[in-house]
Structures are given as structure tokens and as C-alpha cells.
Amino acid sequence: SKSTATKQKVMGNRQKVSTFRWMLGMSMATVFSSTYIFTPPYLLISIILLIFQYPTRNGSILFAAPAILSMLLTSPVQSTKWIGYLAPMLDYFDYEEFHEITNAQIIEHNRKKGAKKCIIALQPHGVISFCGMCAMVNAPEELRHTKTAAASAVMKVPILKNVMGIFGLTDASASNLRKQFRNEGIKGSVCIYIGGIAELFLSSRKVEKLYLSKRKGFIKLALREGVDIIPVYLFGNTSVLTVLKSGPLAQLSRKLQASVTYFWGAYYLPIPRSEKLVYARGPMMGLPHIPNPTNEDINKWHAKYCEEVNRLFETYKEKVPMYKNKTLQIE
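Residues numbered from 1 in each chain as written. Predicted model: local features only at pLDDT ≥ 70, side-chain atom pairs only at ≥ 80, totals over all residues. Heavy atoms only, no water.

J.: Can you explain the overall build of the protein? Please cite residues and give values.
T.: Assigned secondary structure in the protein consists of twelve helices and twelve strands. Here the C-alpha radius of gyration of the protein, 20 Å, is about what a compact globule of 331 residues would show, namely 20 Å. Buried residues in the protein amount to 53% of all 331 residues. Residue pairs in contact within the protein that sit at least 24 positions apart in sequence constitute 81% of those at least 6 positions apart. Distance between charge centres in the protein, computed from 42 positive and 22 negative side chains, equals 6 Å. (Helix = DSSP H or I, 4+ residues; strand = E, 2+ residues; numbered from the N terminus. Rg over C-alpha atoms; globule rule 2.2 N^0.38 Å. Buried < 20%, exposed > 50% of the residue type's maximum accessible area, 1.4 Å probe, protein only. Contact = heavy atoms within 4.5 Å. Lys, Arg positive; Asp, Glu negative; His and termini not counted. Charge placed at Lys NZ, Arg CZ, Asp CG, Glu CD.)

Dropping the structure here:
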């Protein structure tokens, strides 16, 4: 059953934020966006310098040292405690949350023996999910143990995997997610960006589009594994950055299922725009456990999910100034 929506106002009046804290939040956010922009060319240059040992053998190794060190760290290192120090980003984005199932209720549910695990279904993806990152920063430490499903490419690209890995990434393959659901407590639940990289290229400051009509695999997985779904709408994710939607880098992004194309924010630089972000979380949908779901079962619950996402959008868009006149399109 739906609980009364509870509002968590992280920043009530932006004028109270000091210039230093605002600038610090901007700098922190820019580190993440710059990592996506500069990692691919840095890795390419490092490979070329190592091959030709330019300007010297030791010089090329020194230049490539961060990439080499990152490659030696085989998996991303999650830091549930240290991401709390990214709190200035909440002020920079004037971040706010609305819950129809509270953090306390989710924690209590996951502490129960035999409780259903959950897929926290997040949309839209945007270029980089700063709203999702802010949610992790703002969450109680226990909830920060929830892993986020990411494309294999993100898990393997040196430097990128380490920078983004602090938020707790896990491979988005169905086989790995099934293993994830076997973990106890909150560690058995997982955040999934339903639209994935395909939704990245639908990002627009004028029209809100979700890549959802053909995304039914998460419903099938949830029904088969006896996992519930908590829908979340991330307002502002498509506004803080603008993506280049054509060209070879865009094609490479689609193939790798990771953002390696050019994008920009404030002043046409990789500085995310200082615009309001709102995280709106609905209640658990109450999916049944159907070991062998039919197409009819999948379509039924997919339609219910689409309805819930649309409801969240219409209910909370008034909280974000630039969304008041926006409509939602599901593609």
C-alpha cells in the first residue's frame, strides 16, 4: 500500500549556501563529468606513447602510470562512507527528495528474514546520472550498500571504473543480477537504469523521453526471481548536460553501452548546469513470483510499471520549475 509522500528538503534556500560550498559542489560534479570526457583520449594517447616510447621509455610509463595502476585494480572499490563527503553537490544542484516509501521502511523491510529483494528502477538515465549520485550521497549509510548495475564497459575501462566505482557498481548482465539477488539484506537489492545507454541519446532540455516500450527484460527477471520493483523518477537528469547525438563517438557509445561521446553543460564545458534535481520514489509495486512468466504476465506488469512512472512524473513535475510545462513521452 502507498504510504503518504514524505518530503525531504535537503536545501531549503539556496541563498544560504556559501559561495565556497557552491563552488566546491560544482568542482566535485565536474570531476565526474570530466572523467567521462577525458578518459578515452588519455587512454589512447597513453597507448601510443607506450608503443613508441615517447619522449622516453620512462617518460611514457610515467604518463600512463594512472591507467596502468587502474588496470591492476581489478574491480571498482565502493566507498559507502567517503561518498558522504560529496554533500556539497546536493547544494550545487538544490537537490530534493520525495518518498512514497521511506528510507526507514526500506531498511526495515530488508532486515526481515526472507524479505523480497528489490529492483530500484531508475529513469531517465541522462548523460550522467547526477540525480542518482546525489541520492546515494544523501542516503543513510546502510542504503549505500545497494549496488548499481552498470554496463560491462564501464566496469572495465581504466580510471572510469575507479571514479564511478565509489558508488558501488555491479555488472548489469542477467546472470550477475541473479547472483546479486541471493545476497542477504540490502545487498541483495540493486539499482537499475531501465533505459540504459539508449536513453542517453533521448536526453533533451525541451522534451522528456524515456526508452521504455521495448525494455521488458527487467520485468521478466523480477517475476522469475521473485523480486519486487520500486520505481524512481529522476527529475533534472536530462537537463544538467547536453549530449552530442551523432558522429563516430556517439556510435561507439551505443556499441560499448557507455558514454564516450562529447557532451557539455555550462559555458559549453563539461561543467554540469546548476539546475534543480528531484528524486521521486514510488512504493513497491507488489510483483508476484512467477518462475515461468508468460508474455501476458510480462506485458501486464510492464504496463503497470509504465503507468507508475507516468504517475510519478505528473505528480512531482511541479516541484521542478523547468518541468512544469513538460510532457512525458515513452518510446
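J.: Quick rundown of a nonpolar patch on the surface? Include the residues and the values.
T.: A cluster of nonpolar side chains, namely Leu 44, Ile 47, Ile 48, Ile 51, Phe 52 and Tyr 54, defines an oily patch on the protein surface of about 700 Å² accessible area. Among the residues examined, Phe 52 registers a relative accessible area of 64% and is labelled exposed. (Patch = residues over 30% accessible without salt bridge, like charges linked within 9 Å, V, L, I, M, F, W, Y side chains within 5 Å. Areas by Shrake-Rupley, 256 points an atom, 1.4 Å probe, with all protein chains shown as cover. Salt bridge = Lys/Arg side-chain N within 4 Å of Asp/Glu carboxyl O.)

J.: I'd like a description of the pattern of salt bridges, backed by residues and values.
T.: Counted by the stated rule, this structure contains nine salt bridges. We note a salt bridge from Glu 100 to Arg 311, for which the minimum N-O separation is 2.6 Å. Note that Glu 100 is positioned in the loop between strand S2 (96–99) and helix H4 (103–111) and Arg 311 in helix H12 (residues 295–316), a separation of 211 residues in sequence. Glu 100 sits in the buried class, given a relative accessible area of 6%.

J.: Requested: an account of the packing of aromatic side chains, with residues and values cited.
T.: In this structure the tally under the stated criterion is 15 aromatic pairs. Seen in terms of ring centroids, Phe 218 and Tyr 305 are 5.0 Å apart; in terms of plane orientation they differ by 75 degrees. Their pairing is edge-to-face. With Phe 218 in helix H10 (residues 217–225) and Tyr 305 in helix H12, this residue pair connects regions lying 87 residues apart in the sequence. Note on accessibility: Phe 218 and Tyr 305 belong to one class, buried. Note on Phe 235 and Tyr 323: the rings are 5.3 Å apart at their centroids and 80 degrees apart in plane angle, and the pair reads as edge-to-face. In this pair, Phe 235 sits in strand S8 (residues 228–235) while Tyr 323 sits in the loop between H12 and strand S12 (328–330), placing the two residues 88 residues apart along the sequence. Taken together, the aromatic side chains of Trp 22, Tyr 92, Phe 93 and Phe 130 make up a single cluster linked through ring pairs. Sitting above the plane of the Trp 301 ring, Lys 304 keeps its charged end 4.3 Å from the centroid. For Lys 326, the ring lying beneath its charged end belongs to Tyr 323, and the centroid distance is 4.3 Å. (Phe/Tyr/Trp six-rings, centres within 6.5 Å; stacked < 30°, edge-to-face > 60°. Lys NZ or Arg CZ within 6 Å of the ring centre and 35° of its normal.)

J.: How would you explain helix H2 (residues 57–72) if you had to name every residue and give the values?
T.: Along H2, the sharpest kink reaches roughly 60 degrees, centred on Ala 65 and followed within four residues by the proline Pro 66. Every buried residue of H2 is listed here: Ser 60, Ala 64, Ala 67 and Ser 70. Against the buried residues of H2 lie helix H1 (19–52) and helix H7 (160–164). (Bend = angle between axes of the 7 residues up to and from the residue.)

J.: Now, about the environment of Lys 319: what can you tell me, with residues and values included?
T.: Positionally, Lys 319 belongs in the loop between H12 and S12. In this structure the C-alpha to C-alpha distance between Lys 319 and Arg 215, which are 104 residues apart in sequence, comes to 28 Å. Once you skip the residues sitting within four places of it in the chain, Lys 319 turns out to touch Phe 98, Lys 276 and Val 278.

J.: I'd like to hear about unusual backbone geometry, residue by residue, with values.
T.: Going from Tyr 54 to Pro 55, the amide bond is cis rather than trans, its omega being -5 degrees. Relative to the elements of secondary structure, Pro 55 occurs in the loop between H1 and H2. Residue Pro 124 is reached from Gln 123 by a cis peptide bond, and omega for that bond is -5 degrees. Structurally, the position occupied by Pro 124 is in the loop between strand S3 (118–123) and helix H5 (130–138). The phi dihedral of Ile 159 falls on the positive side, at around 70 degrees, and the residue is not glycine. As for its placement among the helices and strands, Ile 159 is situated in the loop between helix H6 (152–156) and H7.

J.: Provide a residue-level description of the pairing of strand S6 (residues 190–193), including the pertinent values.
T.: Every regular strand shows the same layout, with side chains that alternate between the two sheet faces. Residues of S6 alternate between two faces, with Val 190 and Ile 192 on one and Cys 191 and Tyr 193 on the opposite face, all of them buried. Note that strand S4 (residues 147–150) and S6 share two bridges and pair parallel. By the bridge assignment, Lys 147 is partnered in S6 with Val 190. (Pairing = 2+ DSSP bridges.)

Remember, this is a structural readout, not a statement about activity or role.
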